[in-house]
Amino acid sequence: MSTFANTLIEWQKQHGRHSLPWQGTNDPYAIWVAEVMLQQTQVMTVIPYYQRFLEAFPDIECLAEASLNTVLTLWSGLGYYSRGRNLHKAACLIMERSQGRFPQHAAEIAQLPGIGRSTAAAIAAFAYGERCAILDGNVKRVFTRYFGITGYPGEKKTEALLWQKAEGLLPQENAQQQMATYTQALMDLGAIVCTRHQPKCLNCPLQPDCIAFAENRVASLPTSKPRKPLPSKETTFLILRNQDEILLEQRSSPGIWGGLWCLPEKPIDINSQTYCKQCMGIESVTISSLPPLNHTFTHFKLRIHPQLLQVINYPRKKTATKIWLTIDRALQLAIPVPVRKILLELTSSNRF
Ligand code: SF4
């Protein structure tokens, strides 16, 4: 076995994490759910969501049979909702194409919606001991430092070099027995030792051969993404009040917050009452404006101006994508984080 793999495996056994809720199983479904939830999300945030999700959907069949709405309700607050939509879509595909049998190799797993090469490799390594390399954000950080590689890891050339390194370092002997521990070791090292800020180099098992450490370049690696300022947009969210109820609309999918329940949105430069009358057939009067709030997506920033309006003479209709409900009930639906914040602000400030 390579010294690198051997060192990491021995380190993981003594110092790595062993009691996370998704460890100690080789059920590919449970591992898949965890790996998808862990994308761009901290372990401590994921744990309660993971436990609730597995309780509600203990296997692929249960997930496929659930409505997307139920899946997104359990996902609400975890962010990056396309992950929840893709999990559901993939479960339906697995039921349809292979009667619920999860794919057995990383290359097949990577064909499922929402699963990239690294996630597929992690699932295959944990579930089947397949000898395949992972390269998530944490592992990229470890490798760029260990090998002293400059260049933003998201750039094709740098990424290709990192994949080459990742494959070259895999355990060679008894790989099937070692892959789960080796893969976990890489994840653990990136998460608890070779951290973005203040890495614990003095406790790191890779330190004797780490180029960044030897050359005092740890703080400058990995190379940062070339910065382009994010564009910003402004919008108005309408809180239409009818007695003790408000109106929520389900967003179309795909799209931002697709499938989630949201407050009606209108362009900032159109008068709210005019918009309600002309575009929604609702007569209303404006009561007040709430403090604006900011929300950052990966590709733009959104400044939201919430406005509270009282509805007058509106026939209270329910359709598949529009519902009137109390704030308490709205908070139980799959709603985006800014909508949740607005509703909580409304109740805590006694404006409603
Ligand atoms: S020595 Fe420091 S920089 Fe190098 S791999 Fe270990 S923690 Fe990361």
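Residues numbered from 1 in each chain as written. Predicted model: local features only at pLDDT ≥ 70, side-chain atom pairs only at ≥ 80, totals over all residues. Heavy atoms only, no water.

- If you check an unreviewed UniProt entry, the protein appears there as Adenine DNA glycosylase from Nitrosomonas communis.
- The heading Function (unreviewed entry) in the UniProt record of the protein holds the text "Adenine glycosylase active on G-A mispairs. MutY also corrects error-prone DNA synthesis past GO lesions which are due to the oxidatively damaged form of guanine: 7,8-dihydro-8-oxoguanine (8-oxo-dGTP)." (UniProt positions renumbered as here; feature names shortened; annotations may be inferred.)

### Notes on the nonpolar core
Then comes step 1: Core analysis: the biggest nonpolar cluster contains 107 residues, and W32, F53, F143, Y182 and L248 have the highest contact counts within it.
Then comes step 2: Here the element with the most residues in this core is helix α8 (residues 117-128); it accounts for nine residues.
Then comes step 3: Mapping this core onto the domain boundaries places at least three of its residues in each of domain 1 (3-220) and domain 2 (232-348).
Then comes step 4: Once residues within four sequence positions are removed from consideration, F53 is found in contact with Y29, V33, M37, L63, V71, L74, W75 and L87.
Then comes step 5: Ranked by size, the runner-up nonpolar core spans 11 residues in total, among them L238, Y275, C276 and M280. (Core = buried A, V, L, I, M, F, W, Y, C linked by side-chain atoms within 4.5 Å. Buried < 20%, exposed > 50% of the residue type's maximum accessible area, 1.4 Å probe, protein only. Helix = DSSP H or I, 4+ residues; strand = E, 2+ residues; numbered from the N terminus. Domains from an automatic or database assignment. Contact = heavy atoms within 4.5 Å.)

### Here we look at the packing of aromatic side chains
Centre distance and the angle of the planes are the two values used to describe a pair of aromatic rings.
Then comes step 1: On inspection of all chains with the given rule, the structure shows 12 aromatic pairs.
Then comes step 2: Residues W32 and F102 carry aromatic rings whose centres are separated by 5.4 Å and whose planes lie at 55° to one another, so their mutual orientation is tilted. Residue W32 is located in helix α2 (residues 28-37), and its partner F102 is located in the loop between α6 (82-98) and α7 (106-109); the two are separated by 70 residues in the primary sequence. Residue W32 shares its accessibility class with F102, and that shared class is buried.
Then comes step 3: Chaining the aromatic ring pairs together yields one cluster made of F4, F143, Y146 and F147.
Then comes step 4: The aromatic ring of Y49 is capped on one face by R52, whose charged end is 4.9 Å from the ring centroid.
Then comes step 5: When the ring centre of F300 is taken as reference, the NZ or CZ atom of K233 above it lies at 4.2 Å. (Phe/Tyr/Trp six-rings, centres within 6.5 Å; stacked < 30°, edge-to-face > 60°. Lys NZ or Arg CZ within 6 Å of the ring centre and 35° of its normal.)

### Some details on the packing of α2 against α6
Then comes step 1: Packing of α2 against α6 leaves a shortest axis separation of 10 Å and a crossing angle of 155°. The angle between the axes of α2 and α6 places the two elements in the roughly antiparallel class. In terms of crossing hand, the pair formed by α2 and α6 is right-handed. Residues W32, V36 and M37 of α2 form the contact with α6, whose own contacting residues are R83, L87, A90, A91 and I94.
Then comes step 2: A per-class count over the contact of α2 with α6 returns seven nonpolar, no polar and one charged. (Axes fitted to C-alpha atoms, helices over the stretch in contact; angles between N-to-C directions. Parallel < 35°, antiparallel > 145°, perpendicular 65-115°, else oblique. Left-handed = near helix turned anticlockwise from the far one by under 90°. Nonpolar A, V, L, I, M, F, W, Y, C, P; charged D, E, K, R; others polar.)

### Description of the packing of α8 against helix α11 (residues 175-193)
Then comes step 1: It is the contact of α8 with α11, at a shortest axis distance of 7 Å, that shows an interaxial angle of 135°. As judged from the angle between their axes, α8 and α11 are oblique. In this structure, α8 meets α11 at a crossing whose hand is left-handed. Where α8 approaches α11, its residues A122, A125, F126 and Y128 are matched on the opposing element by Q176, M179, A180, T183, Q184 and M187.
Then comes step 2: Tallied by class, residues from the contact of α8 with α11 come to seven nonpolar, three polar and no charged.

### Some thoughts on the side chain of Q184
Then comes step 1: Topologically, Q184 is positioned in helix α11.
Then comes step 2: The class for Q184 is buried, based on a relative accessible area of 8%.
Then comes step 3: Ignoring sequence-local partners within four residues, the contact set of Q184 consists of Q12, R17, Q23 and F126.

### A few points about the state of the cysteines
Then comes step 1: The tally for this structure, following the rule as stated, stands at zero disulfides.
Then comes step 2: The closest cysteine sulfur to the non-disulfide-bonded C262 is located on C276, 15 Å from its own sulfur.
Then comes step 3: What makes C262 buried here is its relative accessible area of 1%.
Then comes step 4: Cysteine C276 is unpaired, with the sulfur of C279 as its nearest cysteine sulfur at 8.6 Å. (Disulfide = S-S within 2.5 Å.)

### Points about the pairing of strand β1 (residues 232-242)
Then comes step 1: As paired elements, β1 and strand β7 (residues 301-312) share 10 bridges and run parallel to each other. Paired with K233 across the bridge in β7 is L302.
Then comes step 2: In this structure, β1 lies alongside strand β4 (residues 265-266), joined through two bridges in antiparallel fashion. Following the sheet pairing, F237 is matched in β4 by E265.
Then comes step 3: Where β1 lies against strand β2 (residues 245-250), two bridges are found, and the strand directions are antiparallel. By the bridge assignment for β2, N242 is matched with E245.
Then comes step 4: Counting the residues that bridge the hairpin from β1 to β2 gives two residues, and of these Q243 lies at a positive phi of roughly 55°. (Pairing = 2+ DSSP bridges.)

### Details of helix α15 (residues 337-348)
Then comes step 1: Between its first and last C-alpha, α15 extends 16 Å over 12 residues, near the 16 Å set by a 1.5 Å rise per residue.
Then comes step 2: Taken together, the buried positions of α15 are occupied by P338, V339, I342, L343 and L346. Down the axis of α15, the sector holding all buried residues measures 135°, keeping them to one side.
Then comes step 3: Lining the buried residues of α15 we find β1, β2, β3 (261-262), β6 (293-296), β7 and α14 (327-330). (Expected span 1.5 Å × (residues − 1). Arc of directions from axis to C-beta.)

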